[in-house]
Amino acid sequence: RLLAAQIGCTRATVRVFIDTQGGRALRSIAMYDAIQDRMVATEDLLRADSGAYFDRLLHDGCVVVSDTRTDPIVAPFRTIYLEPNGIRSVMDMCFAVNGELFGTFSCEQLNQPVEWTQRQVQTLRKLASRASLTLMHVVNVNVDTAPGALWETSTPNRLATMPIPLD
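Residues numbered from 1 in each chain as written. Predicted model: local features only at pLDDT ≥ 70, side-chain atom pairs only at ≥ 80, totals over all residues. Heavy atoms only, no water.

**Student:** In this structure, what is going on with the environment of Thr42? I would like to understand it.
**Tutor:** Residue position: Thr42 is located in the loop between β3 (38-39) and α2 (51-60). Since its relative accessible area comes to 22%, Thr42 is described here as partly exposed. It is 9.5 Å that separates the C-alpha atoms of Thr42 and Tyr81, two residues lying 39 residues apart in sequence. Apart from the residues within four sequence positions on either side, Thr42 is in contact with Arg15, Ser28, Met31 and Tyr81. (Helix = DSSP H or I, 4+ residues; strand = E, 2+ residues; numbered from the N terminus. Buried < 20%, exposed > 50% of the residue type's maximum accessible area, 1.4 Å probe, protein only. Contact = heavy atoms within 4.5 Å.)

**Student:** Which parts of the structure should I look at to understand the confidence of the model for the protein chain?
**Tutor:** If pLDDT is low for a region, its predicted coordinates should not be looked at in detail. Considering every residue of the protein chain, the mean pLDDT works out to 80; 77% of them sit at 70 or more. The element-level mean pLDDT for the protein chain is lowest in helix α6 (residues 155-160), coming to 48, with strand β4 (residues 62-65) highest at 94. (pLDDT = per-residue confidence, 0-100.)

**Student:** When you look at the sheet that holds strand β2 (residues 23-33) in this model, what are you seeing that I'm missing?
**Tutor:** In any sheet, the strands associate via hydrogen bonds between backbone groups, in a parallel or an antiparallel arrangement. Reading across from one edge, β3-β2-β1-β6-β5-β4 is the order of the six strands in this open sheet, with antiparallel pairing throughout. Of all the strands in the sheet, the pair left with one neighbour each is β3 and β4. Relative to strand β5 (residues 87-97), helix α3 (residues 75-82) is tilted by about 115 degrees, and along the sheet it contacts β1 (11-20), β2, β5 and β6 (100-110). (Pairing = 2+ DSSP bridges. Axes fitted to C-alpha atoms, helices over the stretch in contact; angles between N-to-C directions.)

**Student:** Would you mind showing me how to read the packing of aromatic side chains here?
**Tutor:** For any two aromatic rings, the description comes down to two numbers: the centre-to-centre distance and the angle of the planes. Scanning the model with the defined rule gives four aromatic pairs in all. Seen from their ring centres, Phe17 and Phe54 are 5.8 Å apart, and the 75 degrees between their planes marks the pair as edge-to-face. Placement of Phe17 in strand β1 and of Phe54 in helix α2 is noted, with a sequence separation of 37 residues between them. Between Phe95 and Phe105, the ring centres sit 5.0 Å apart and the planes meet at 45 degrees, which makes this aromatic pair tilted. Here Phe95, found in strand β5, pairs with Phe105, found in strand β6; they are ten residues apart in sequence, far enough to count as distant. Across this residue pair, the class does not change: Phe95 and Phe105 are buried. (Phe/Tyr/Trp six-rings, centres within 6.5 Å; stacked < 30°, edge-to-face > 60°.)

**Student:** Would you explain the pairing of β6 in this entry?
**Tutor:** Working note: regular strand, side chains alternate between the two faces of the sheet. For β6, the buried fraction is high: ten of the eleven residues fall into the buried class. With six bridges joining them, β1 and β6 adopt antiparallel strand pairing. By the bridge assignment, Thr13 is partnered in β6 with Ser106. Alignment of β5 against β6, held across ten bridges, turns out to be antiparallel. In the sheet register, Met91 faces β6, and the bridge partner there is Cys107. Where β5 hands over to β6, the hairpin turn is made up of two residues, of which Asn98 adopts a positive phi near 55 degrees.

**Student:** Help me understand the pattern of salt bridges in this model?
**Tutor:** In a structure, side chains of opposite charge can pair up when their charged atoms sit close to one another. Tallied over the full model, the rule gives five salt bridges. Glu108 is paired through a salt bridge with Arg15; the nearest N and O atoms lie 3.4 Å apart. Of the two residues, Glu108 sits in strand β6 while Arg15 sits in strand β1, which places them 93 residues apart along the sequence. For Asp44, the salt bridge identified is with Arg27, shortest N-O distance 2.8 Å. On the criterion of sequence distance, the pair formed by Asp44 in the loop between β3 and α2 and Arg27 in strand β2 is long-range, its members being 17 residues apart. Put simply, Arg11, Arg15 and Glu108 are held in one network by salt bridges that share partners. (Salt bridge = Lys/Arg side-chain N within 4 Å of Asp/Glu carboxyl O.)

**Student:** Looking at this structure, how should I read the pairing of β1?
**Tutor:** Counting buried positions along β1 yields eight of ten residues, so the element is predominantly enclosed. Bridge count between β1 and β2: ten bridges; the pairing is antiparallel. Across the sheet, the residue bridging to Val16 is Arg27, located in β2. Hairpin connection from β1 to β2: two residues lie between these consecutive antiparallel strands.

The structure is reproduced here in structure tokens:
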């Protein structure tokens with residue numbers, strides 16, 4: 001929601017890179033749709049390592065496309081993702097941790113193309129750099145579920161850790 005408001009785009013997405021049998025892909029973690037004012041489901045981008053798109057992400061750290069119908073860099077996604085969803089402009093900014101590419105923040109504009117401004121690109125870059133370490137820790141969190149880590153014998157702790165049915 002903050003990303004969509006700060007950038008002024010229709011939809012904002014957080015994606016992380018995953019390895020699949022078909023190569024590297026971008027898994028969609030969350031997408032906010034400003035038109036519907038809610039989180040929405042979206043599909044993964046399964047051809048993230050194809051051609052110029054991935055090369056530009058690695059080299060420049062971002063892909064800025066004002067018109068997805070004519071820009072060849074997003075051609076691998078045109079028929080499977082962009083056109084069916086009415087996406088006319090995209091701005092994808094990488095975030096990296098310790099120099100390793102970890103994922104992207106993506107801003108999408110539906111129905112009408114938009115010329116992304118330098119200010120919007122810089123804002124997205126700043127947000128991506130500030131959030132990258134936090135996201136890495138959230139995605140890679142290890143929860144210790146060993147009984148010793150969850151159970152204390154004192155009465156207040158025992159009551160706080162008693163199993164309670166969720167229905």
